[in-house]
Amino acid sequence: MNEQIYTFRDPSFDLNRSFYYKLLIQIDVDSFSYAIIYEKELFALGMNCSLSELSDPQELAGELTANYKEVIIGLAAKGFTLVPAPLFSEDQLVNYARLLDVKADEKVLAQKLNEQNFIIYKVDEKTISAIQRFGLNKTVYLSKGRITAIAQSNPSNHDLYLHADNGKAEFLYFKDNNIRFYNSFEFSDENDIAYFSALVVEELGLSTGSVHLKLSGSITSEEKYSILLSKFFKAVSFFDQQLLELPGHIASQQILNLAALTLCGSSEVL
């Protein structure tokens, strides 16, 4: 079981006012994180909580069973593919699923990612069971909010976005304000990250000397990643879009996926 970490709890936090709050939940492979917010103000944040708390709340019974104004749950995908919006059809979900090598213990979900694309992704049944009492209508693809935040930041044709958490590195590249590349890779250390970054740049037909690499996720807390990547890229910086009002000890780029759920609405899964 993962150790629960209360990263932040505002002294004025009051669950008796939960109807005015939003509950954001980020589900990873074996754990989840949550944030309770009012508009853009953060009242509570918990990281690395056990998935069992979602289906059978004990330590977090108050936080997870309160009556909230809205609940948004971001699901991490075990695999995904993009389908251009003009080609997408709900009737073809079975055929799209064949691209993902879906196993017996996995479920396929789909939703609109942006105006140009739908995303088809698979999630294991363990995750689905954990959030069953909330309902699938409250779930979204975990990275959708972050992708939306990046799109709203007016990315240039020389910006490459790298988000790395829980051993998975996601690369996103926009060209002329449209998604040109989006893929993920499993990594173990900074050398893997450097290798995959160079691989993506080569596939895009760019050069490391012209690319501005923008980082988010857990790797932003470890200097070794940015030091190594700075040896290859023209510029390396953090993508620190301020989506929530955070206390000083919490870096926005480290909880970007969770905070960016504020840019998503529930009832988006098909």
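Model, not experiment: these values are computed from the prediction.

What follows concerns the pattern of salt bridges. In this structure the tally under the stated criterion is 11 salt bridges. Note that D101 and K103 form a salt bridge whose closest N and O atoms lie 2.9 Å from each other. Residue D101 is classed as exposed on the basis of its relative accessible area of 51%. Overall, K103 belongs to the partly exposed group, its relative accessible area being 41%. E170 is the salt-bridge partner of R146, the closest N and O atoms lying 2.4 Å from each other. With a gap of 24 residues between them, R146 in helix α5 (residues 144-152) and E170 in strand β11 (residues 168-175) connect regions that are remote in the sequence. Within this structure, K78, E106 and K122 form a network of salt bridges that share partners.

A word on the nonpolar core. Looking at soluble globular proteins, one finds that nonpolar side chains tend to be buried together. Core analysis: the biggest nonpolar cluster contains 58 residues, and L23, I25, I27, F32, Y34, L54 and Y121 have the highest contact counts within it. Filtering out sequence-adjacent residues up to four positions away, L54 remains in contact with I25, I27, F32, L64, A130, I131, R133 and F134.

Criteria and thresholds
- Position labels on residues start from 1 in each chain and follow its written sequence.
- In view of the model being predicted, local features appear only for residues whose pLDDT reaches at least 70, and side-chain atom pairs are presented and counted only at 80 or more, with totals across whole chains, interfaces and linings using the full set of residues.
- Processing note: side-chain calculations cover all non-hydrogen atoms of the structure and skip hydrogens and water entirely.
- Criterion for a salt bridge: a side-chain nitrogen of Lys or Arg within 4 Å of a carboxyl oxygen of Asp or Glu.
- Partly exposed describes any residue whose relative accessible area lies between the buried limit of under 20% and the exposed limit of over 50%, with all areas from a 1.4 Å probe on protein chains only and scaled to the type maximum.
- Where helices and strands are cited, they refer to DSSP runs of H or I of at least four residues and of E of at least two residues respectively, numbered from the N terminus.
- The set of buried Ala, Val, Leu, Ile, Met, Phe, Trp, Tyr and Cys residues whose side-chain atoms join them within 4.5 Å is what this entry labels a nonpolar core.
- In what follows, residue pairs with any heavy atoms lying within 4.5 Å of each other are defined as contacts.

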